[in-house]
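Each chain, letter by letter, is given below.
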Amino acid sequence: MKILVCIKQVPDLESRFKPNAEGVWYNETDLAWRMNEYDEFAVEQAVQLREKLGEGAELTVLSIGPERVVEAIKKALAMGCDNAVHVQDLAAATKDPWQIASIISAYAKDKAFDLIFTGMQSQDRGSAQVGVTVAEQLGFACSTTLVGFEYDNGTITAKRELEGGIKGVVKIKTPALVTCQLGLNVPRYPTLPNIMKAKKKEIIAIAVADLLKEEPLATTVSFHPPAKKGSGIVLEGETGAMVDQLIGILKDKTTVLR
Amino acid sequence: MKALLIGEYREGKLLDSTYELFGFASQLGAESALLLVGSADQLPAFGGTLYLADAATCGEYNPDLHKKLVLEAVQKENPDYIVFVHSSYGWDLAPRVAASLKTAQVSEVTAIVPGGFEVGCCNAKMRRTVKPNSAKAVLTIQAGAFPVLQPGGTPQLQKLSAEGTAAVEFIGYEPAEPKDVDLARAEIIVSAGRGVGKKDNIPVIAALARALGGELGASRPVVDAEWVSHSHQVGTTGQTVSPKLYVACGISGAIQHLAGMKKSDFIIAINKDKDAPIGEVADVLVVADVMQFVPALTARLAR
Ligand SMILES: Cc1cc2nc3c(=O)[nH]c(=O)nc-3n(C[C@H](O)[C@H](O)[C@H](O)COP(=O)(O)OP(=O)(O)OC[C@H]3O[C@@H](n4cnc5c(N)ncnc54)[C@H](O)[C@@H]3O)c2cc1C
Ligand SMILES: Nc1ncnc2c1ncn2[C@@H]1O[C@H](COP(=O)(O)O)[C@@H](O)[C@H]1O
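Residues numbered from 1 in each chain as written. Chains lettered and ligands numbered in written order. Predicted model: local features only at pLDDT ≥ 70, side-chain atom pairs only at ≥ 80, totals over all residues. Heavy atoms only, no water.

## Re the overall build of chain B
Right, so step 1: A tally of helices and strands in chain B yields 8 helices and 17 strands.
Right, so step 2: The dimensions of chain B, computed from C-alpha atoms along their principal axes, are 70 × 40 × 35 Å.
Right, so step 3: Across the 303 residues in chain B, those meeting the buried criterion constitute 59%.
Right, so step 4: Put simply, 64% of the contacts in chain B that link residues at least 6 apart link residues at least 24 apart.
Right, so step 5: Within the structure as shown, chain B displays about 11,800 Å² of accessible surface, and the carbon and sulfur contribution to it stands at 48%.
Right, so step 6: Of the side-chain charges in chain B, 28 are positive and 32 negative, and the distance between the mean point of each set is 6 Å. (Helix = DSSP H or I, 4+ residues; strand = E, 2+ residues; numbered from the N terminus. Buried < 20%, exposed > 50% of the residue type's maximum accessible area, 1.4 Å probe, protein only. Contact = heavy atoms within 4.5 Å. Areas by Shrake-Rupley, 256 points an atom, 1.4 Å probe, with all protein chains shown as cover. Lys, Arg positive; Asp, Glu negative; His and termini not counted. Charge placed at Lys NZ, Arg CZ, Asp CG, Glu CD.)

Here is the structure:
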């Protein structure tokens, strides 16, 4: 059984974001990078399945982006992926979801993958499109927003998370693609021996031009902070003083301390 | 300009979010038609064309058949925009439709702005304006971002049906986990977010909740990590609350969290990041380390 997991590297979301020179995405200087949170659940689920299947199963991790994304790839390898593909693309951030999906599909189409895992969405762009689009392009069955996953002999029983905590149970057959939601499992921390082992695993580099033949269907024309509508009071400074100020505000503006 | 709106049913009921689609279409200035896969005895008051397929034969959740139905309505209607709610139904179906038509999709639209559609990004900290390059475009709108509009009138019904093999077999719904705390009735809620740091720190937040006479709430990562049980979760996939006082401790303010608490009467946020999006809804933002500030506040209240 051949399994693929697609991961994106994203900035630490606690960073301060400033527009880049073109004003269409964030400036990358001074950002710390990590694996998209949703993709950690995807990698963990793929690794658990790979471990369960044992001999004969093969798990590949793929990421599209500049050289820095190799760090995220290495983490996925240390979590238990067998091998990796780095699609080298300095301009990945400006590609639209259709193009990102097309790159993944172009790579996957002749590799006979049985199952592809993606995150439900990326934390920085959050389009929630790439996974489903890949499934459509490859003609795979697809289920999204998984908080439960079971695999048995070519059939996946998935729990989709719906609004209000209700779940929808579905069955799909491989070849299939699933998109993973927060809380699907508990992503492991790579152990030191596994980090060492991962260093020996192969990372195949492919130039994006070899895979991408599609034009973007949508263009980002501006990246900007939200219009300031926060009319709230901001308290800063020494803890004791802030506590006093806050108690004052609570007494003034609410009834909770009466 | 024409918009084809895709409404949503769950467990036999037309979802209220369908009316937000009308609110969006009206802001867009579009003439709209509606597609529903549901039942003829639960139709909205709407004076336009209503494409109706029967959920009894096409399923409430059957992306393959629903995609066919949308594509058929698109062919009949030739809309400029095909609009879904960005929900577990919408984000699942929209990309399938967009890929079949090879049109642009703009996800989770929060506003219509000059030059395109505004969407949130970077965990709601920033915004992008996105412009579709294709003649038609698929849009999903953020739940709660557009006003509810009840258009009124009697629809002109056009029946649709679809058959064929479905790659996704729907087995059934599983109810939400039973709640051991009913946050909806609490007058004061103090919620812990990931910024609290670790499970061992939860009692510090719970102590503040007690000192204020309130209940403990939580953001999703805190629940996923099993620091507290799911019944404490506030947000789209947890509970919706509107207490007199909501205190968000180390919570960034992602849209799915805000959706569950932004109607609270008074909101205090404690966050070390002055730019955290929770600041947009907070009446008071305390810029501080939660583990320093919260114990000091609790101690002061106990005096
Ligand atoms: C379909 C879907 C449904 C979802 N449903 C829900 C839901 O129902 N409820 C929900 O909450 N989320 C939900 N989410 C997840 C949501 O998108 C966010 O990921 C989540 O709300 C983030 O939780 P958080 O704010 O605790 O964590 P983070 O976003 O990681 O934020 C942590 C915050 O703590 C601050 N911080 C860090 N350290 C400190 C410190 N020492 N002192 C003070 N502040 C500190 C940081 O500045 C940051 O703002 C859903 C997501 C999806 C896709
Ligand atoms: N640059 C990328 N490289 C590999 N996978 C990606 C990339 N961008 C997005 N993905 C995958 O697609 C999912 C959804 O992304 P998005 O549609 O951008 O929200 C992510 O969770 C990843 O699994």
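There is more to say, and it comes next.
## A word on the pattern of salt bridges
Residue and element names in this part refer to chain B.
Right, so step 1: A full pass over the atoms with the stated rule returns 27 salt bridges over all chains.
Right, so step 2: Residues Glu-8 and Arg-10 are paired through a salt bridge, measuring 3.3 Å at the closest nitrogen-oxygen approach. Take Glu-8 and Arg-10: they sit in the same class, and that class is buried. (Salt bridge = Lys/Arg side-chain N within 4 Å of Asp/Glu carboxyl O.)

## Observations concerning the packing of helix α1 (residues 37-53) of chain A against helix α2 (residues 70-79) of chain A
Residues and elements named next belong to chain A.
Right, so step 1: Direction vectors running N to C along α1 and α2 enclose 30°, while the axes themselves pass 10 Å from each other. In terms of orientation, α1 and α2 fall into the roughly parallel class. When the axes of α1 and α2 are compared, the crossing they make is right-handed. Contacts between α1 and α2 involve Glu-40, Val-43, Glu-44 and Val-47 on the former and, on the latter, Lys-75, Ala-76 and Met-79.
Right, so step 2: Residues belonging to the contact of α1 with α2 are distributed by class as follows: 4 nonpolar, no polar and 3 charged. (Axes fitted to C-alpha atoms, helices over the stretch in contact; angles between N-to-C directions. Parallel < 35°, antiparallel > 145°, perpendicular 65-115°, else oblique. Left-handed = near helix turned anticlockwise from the far one by under 90°. Nonpolar A, V, L, I, M, F, W, Y, C, P; charged D, E, K, R; others polar.)

## Quick look at the site of ligand 1
All names here are of chain B.
Right, so step 1: Taken together, 33 residues lie around ligand 1, and Ser-219, Thr-237, Ser-252, Gln-256 and Asn-271 are the ones closest in.
Right, so step 2: In isolation ligand 1 has 990 Å² of accessible area, and contact with the protein removes 93% of it.
Right, so step 3: Mapped onto the shell around ligand 1, the elements with two or more residues apiece are α6 (220-224) and α7 (255-261).
Right, so step 4: In terms of residue class, the shell around ligand 1 is built from 11 nonpolar, 16 polar and 6 charged. (Near = heavy atom within 4 Å.)

## Details of the pairing of strand β1 (residues 2-6) of chain B
Successive side chains on a regular strand alternate, one facing one side of the sheet and the next facing the other.
Residue and element names in this part refer to chain B.
Right, so step 1: For β1, the buried fraction is high: 4 of the 5 residues fall into the buried class.
Right, so step 2: As judged from the 3 bridges shared by β1 and strand β6 (residues 81-85), these two strands associate in the parallel manner. Bridge pairing in β6 links Leu-4 to Ile-82. (Pairing = 2+ DSSP bridges.)

## As for the sheet that holds strand β1 (residues 2-6) of chain A
Right, so step 1: Read from one edge of the open sheet, 10 strands run β11(A)-β5(A)-β4(A)-β1(A)-β6(A)-β10(A)-β7(A)-β8(A)-β9(A)-β12(B), paired in mixed fashion. Here the strands that pair on one side only, and so sit at the sheet edges, are β11 (203-207) of chain A together with β12 (168-174) of chain B. Averaged over all adjacent pairs, the angle separating strand axes in this sheet is 30°, with direction ignored.
Right, so step 2: The sheet contact formed by strand β7 (residues 141-152) of chain A and strand β8 (residues 155-161) of chain A spans 6 bridges and is antiparallel. Across the sheet, the residue bridging to Leu-146 of chain A is Arg-160 of chain A, located in β8 of chain A.
Right, so step 3: Together, β1, β4 (58-65), β6 (115-119), β7 and β10 (176-180) of chain A form the strand contacts of α1 of chain A, whose direction differs from that of β6 of chain A by roughly 155°.
Right, so step 4: Against the sheet, α2 of chain A touches β4, β5 (83-88) and β11 of chain A, its axis set at about 165° to β5 of chain A.

## Topic: the interface of chain B and chain A
Right, so step 1: With 78 residues of chain B at the interface, the matching set in chain A holds 77 residues.
Right, so step 2: Note on chain B versus chain A: buried area summed over both sides is about 6,700 Å², and carbon and sulfur give 57% of it.
Right, so step 3: Of all residues in chain B, Met-126, Arg-128 and Glu-174 of chain B bury the most surface against chain A, accounting for 10% of the area lost on that side.
Right, so step 4: The interface formed by chain B and chain A holds 42 residue pairs in polar contact (both at pLDDT 80 or more) in total.
Right, so step 5: Classifying every residue of the side of chain B that touches chain A by side-chain character gives 33 nonpolar, 20 polar and 25 charged.
Right, so step 6: In this sheet, strand β17 (residues 284-287) of chain B lies alongside strand β13 (residues 233-235) of chain A in parallel orientation, the contact comprising 3 bridges. (Buried area = accessible area lost by both parts, 1.4 Å probe. Polar contact = N/O pair within 3.5 Å; in protein donor to acceptor, adjacent residues only side chain to side chain.)

## Quick notes on the sheet that holds β6 of chain B
Right, so step 1: Read from one edge to the other, the open sheet built from 10 strands follows the order β12(A)-β9(B)-β8(B)-β7(B)-β10(B)-β6(B)-β1(B)-β4(B)-β5(B)-β11(B), with strand pairing classed as mixed. Taken across any chain shown, the strands that pair with only one partner, and hence form the sheet edges, are β12 (218-224) of chain A together with β11 (156-159) of chain B. The average angle at which neighbouring strand axes cross in this sheet is 35°, direction not considered.
Right, so step 2: This element, helix α1 (residues 18-28) of chain B, spans β1, β4 (31-38), β6, β7 (104-113), β8 (116-121) and β10 (137-141) of chain B of the sheet and lies at about 140° to β6 of chain B.

## What to know about a nonpolar patch on the surface
All names here are of chain A.
Right, so step 1: A cluster of nonpolar side chains, contributed by Leu-192, Ile-195 and Met-196, occupies part of the molecular surface with about 280 Å² of accessible area.
Right, so step 2: When you line up the elements, Met-196 lands in helix α5 (residues 192-198).
Right, so step 3: Met-196 gets classed as partly exposed once you look at its relative accessible area, which sits at 45%. (Patch = residues over 30% accessible without salt bridge, like charges linked within 9 Å, V, L, I, M, F, W, Y side chains within 5 Å.)

## Describing the side chain of Glu-108 of chain B
All names here are of chain B.
Right, so step 1: Following the sequence through the fold, Glu-108 ends up in strand β7.
Right, so step 2: Within the buried core, Glu-108 has no salt-bridge partner, and the shortest N-O distance to an opposite charge, that of Arg-128, equals 9.4 Å.
Right, so step 3: Polar contacts involving the side chain of Glu-108 include one to the side chain of Gln-142, which spans 3.2 Å.
Right, so step 4: Residue contacts for Glu-108: discarding those within four places in its chain leaves His-86, Glu-118, Val-119, Gly-120, Thr-140, Ile-141, Gln-142 and Ile-255.

## As for the layout of surface pockets
Right, so step 1: Of the pockets and cavities examined, the second largest pocket occupies roughly 690 Å³.
Right, so step 2: Along the wall of the second largest pocket there are 20 residues; nearest its centre are Glu-37, Glu-40, Pro-187 and Tyr-189 of chain A together with Arg-194 of chain B.
Right, so step 3: Elements represented by at least two residues in the lining of the second largest pocket include exactly α1 and α2 of chain A together with α6 of chain B. (1 Å grid on protein atoms, 1.4 Å probe; cavity = no way out; pocket = protein on both sides within 12 Å on 5 of 7 lines; lining within 4 Å. Points joined across faces, edges and corners; volume = space filled by probe spheres on them.)

## What about the domain arrangement of chain B?
Residue and element names in this part refer to chain B.
Right, so step 1: Looking at chain B, the domain boundaries give domain 1 (2-159) and domain 2 (183-302).
Right, so step 2: At the junction of the two partners, domain 1 supplies 7 residues and domain 2 supplies 8 residues.
Right, so step 3: Taken over both partners, the interface formed by domain 1 and domain 2 buries close to 520 Å², and the fraction arising from carbon and sulfur atoms is 47%.
Right, so step 4: Looking at the side of domain 1 facing domain 2, the largest losses of area belong to Asn-123, Ala-124 and Lys-125, adding up to 59% of the total buried there.
Right, so step 5: Applying the counting criterion to the domain 1 and domain 2 interface returns 2 salt bridges.
Right, so step 6: In this structure, Asp-273 engages Lys-125 in a salt bridge whose closest nitrogen and oxygen atoms are separated by 2.9 Å.
Right, so step 7: Our count for the domain 1 to domain 2 interface comes out at 1 residue pair in polar contact (both at pLDDT 80 or more).
Right, so step 8: Class assignment for the residues of the side of domain 1 that touches domain 2 results in 1 nonpolar, 3 polar and 3 charged. (Domains from an automatic or database assignment.)

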